[in-house]
Amino acid sequence: MSQGSHTTRQSTAVLLQIGEVAERVQLSLRTVRYYEEAGLLTPAGRTDGGFRLYDDNATDRLLLIKKMKPLGFTLDEIRELLTLRDDVRCPGLTESQQEELRKAMRTWSARAEEKAAALRGQIRVAESFVHWLHEQVDDPRTR
């Protein structure tokens, strides 16, 4: 076990301090704290010294948030999808509940596809601009 990693007495799950989680998901400490303050992340516990401890669920949540941010999802939208993700994972759901959750996930999938398509469009515009700039630099009339 790496230095700073901890286990709970009831579980063999490894709990990580905030710096270890931030490093694992490649986010800054400030960003991890921000997501916690925004209610998107909850520590699994604390050390005797009061340091926050995070489990694999927190890491998974941060990785999902990290995937959603470039697509322009708001914090409220991220919170909504995280709640849906948690609901999908609940054991004992009825077939009706499972179908309702699958329908909601399909809606999220369509929204993400739309946002990704818009982003690809923005990239095409940016690449066209870069190409234009290269032409300007290479054109002897612009010297």
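Just above sits the structure.
Residues numbered from 1 in each chain as written. Predicted model: local features only at pLDDT ≥ 70, side-chain atom pairs only at ≥ 80, totals over all residues. Heavy atoms only, no water.

Peer 1: Help me understand unusual backbone geometry in this model?
Peer 2: In terms of backbone geometry, most residues other than glycine have negative phi values and most peptide bonds are trans. One non-glycine residue with positive phi stands out, namely Q26, at about 60 degrees. If you trace the backbone, Q26 turns up in the loop between α1 (18–25) and α2 (29–37). (Helix = DSSP H or I, 4+ residues; strand = E, 2+ residues; numbered from the N terminus.)

Peer 1: I would appreciate a short explanation of the environment of A22 in the present structure.
Peer 2: Positionally, A22 belongs in helix α1. Since its relative accessible area comes to 5%, A22 is described here as buried. Linking A22 and R33, residues eleven residues apart in sequence, is a C-alpha distance of 9.5 Å. In contact with A22, not counting residues within four places along its chain, are L27, S28, L29 and V32. (Buried < 20%, exposed > 50% of the residue type's maximum accessible area, 1.4 Å probe, protein only. Contact = heavy atoms within 4.5 Å.)

Peer 1: Which parts of the structure should I look at to understand the packing of aromatic side chains?
Peer 2: For any two aromatic rings, the description comes down to two numbers: the centre-to-centre distance and the angle of the planes. For the coordinates displayed, the defined rule picks out three aromatic pairs. Ring plane angle 55 degrees and centroid distance 5.8 Å describe the contact between Y34 and Y35, whose orientation is recorded as tilted. Taking 6.2 Å as the distance between ring centres and 15 degrees as the angle between the ring planes, the aromatic pair formed by F129 and W132 counts as stacked. Of this pair, F129 and W132 both sit in helix α5 (residues 95–138), three residues apart, which is roughly one turn of the helix. Over the ring of W108 we find R111, and its NZ or CZ is 4.3 Å from the ring centre. In this structure, K115 is placed above the aromatic ring of F73, and the distance from its NZ or CZ to the ring centre is 4.8 Å. (Phe/Tyr/Trp six-rings, centres within 6.5 Å; stacked < 30°, edge-to-face > 60°. Lys NZ or Arg CZ within 6 Å of the ring centre and 35° of its normal.)

Peer 1: I keep staring at α5 and nothing clicks. Help me out?
Peer 2: Three or four residues apart is the spacing at which side chains of an α-helix point the same way, because the helix has 3.6 residues per turn. For α5, spanning 44 residues, the distance from its first C-alpha to its last is 63 Å, which sits close to the expected 64 Å at 1.5 Å a residue. If you check which residues of α5 are buried, you get L101, W108, A116 and G121. On its buried side, α5 packs onto α3 (56–68) and α4 (75–88). (Expected span 1.5 Å × (residues − 1).)

Peer 1: What is the right way to read a nonpolar patch on the surface from this model?
Peer 2: On the surface, F129, V130, W132 and L133 cluster together into a nonpolar patch covering about 380 Å² of accessible area. For F129, a relative accessible area of 47% corresponds to the partly exposed category. (Patch = residues over 30% accessible without salt bridge, like charges linked within 9 Å, V, L, I, M, F, W, Y side chains within 5 Å. Areas by Shrake-Rupley, 256 points an atom, 1.4 Å probe, with all protein chains shown as cover. Salt bridge = Lys/Arg side-chain N within 4 Å of Asp/Glu carboxyl O.)

Peer 1: Teacher, can you tell me more about the nonpolar core here?
Peer 2: Core analysis: the biggest nonpolar cluster contains 24 residues, and V32, Y35, L40, L62, I65 and I78 have the highest contact counts within it. When residues of this core are traced back to their parent elements, those giving at least two are α1, α2, α3, α4 and α5. The element best represented in this core is α4, accounting for five residues. (Core = buried A, V, L, I, M, F, W, Y, C linked by side-chain atoms within 4.5 Å.)

Peer 1: Sorry if this is basic, but what is going on with the packing of α4 against α5 here?
Peer 2: Two quantities define a packed helix pair, namely the angle between the helix axes and the distance between the axes. Where α4 meets α5, the closest approach of the two axes is 11 Å, and the angle between their N-to-C directions is 145 degrees. Classified by chirality, the crossing of α5 by α4 is left-handed. Contacts between α4 and α5 involve E77, E80, L81, L84, D87 and V88 from the first element and L101, A104, M105, W108, R111 and K115 from the second. Along the lines of polarity and charge, the residues of the contact of α4 with α5 split into seven nonpolar, no polar and five charged. (Axes fitted to C-alpha atoms, helices over the stretch in contact; angles between N-to-C directions. Left-handed = near helix turned anticlockwise from the far one by under 90°. Nonpolar A, V, L, I, M, F, W, Y, C, P; charged D, E, K, R; others polar.)

Peer 1: When you look at the pattern of salt bridges in this model, what are you seeing that I'm missing?
Peer 2: Under the counting rule described, the total for this entry stands at nine salt bridges. Across the pair D56 and R24 runs a salt bridge, and its minimum N-O distance is 4.0 Å. Taken together, the positions of D56 in helix α3 and R24 in helix α1 put the pair 32 residues apart, joining distant regions of the chain. Between E95 and R102 there is a salt bridge, and its shortest N-O distance comes to 2.9 Å.

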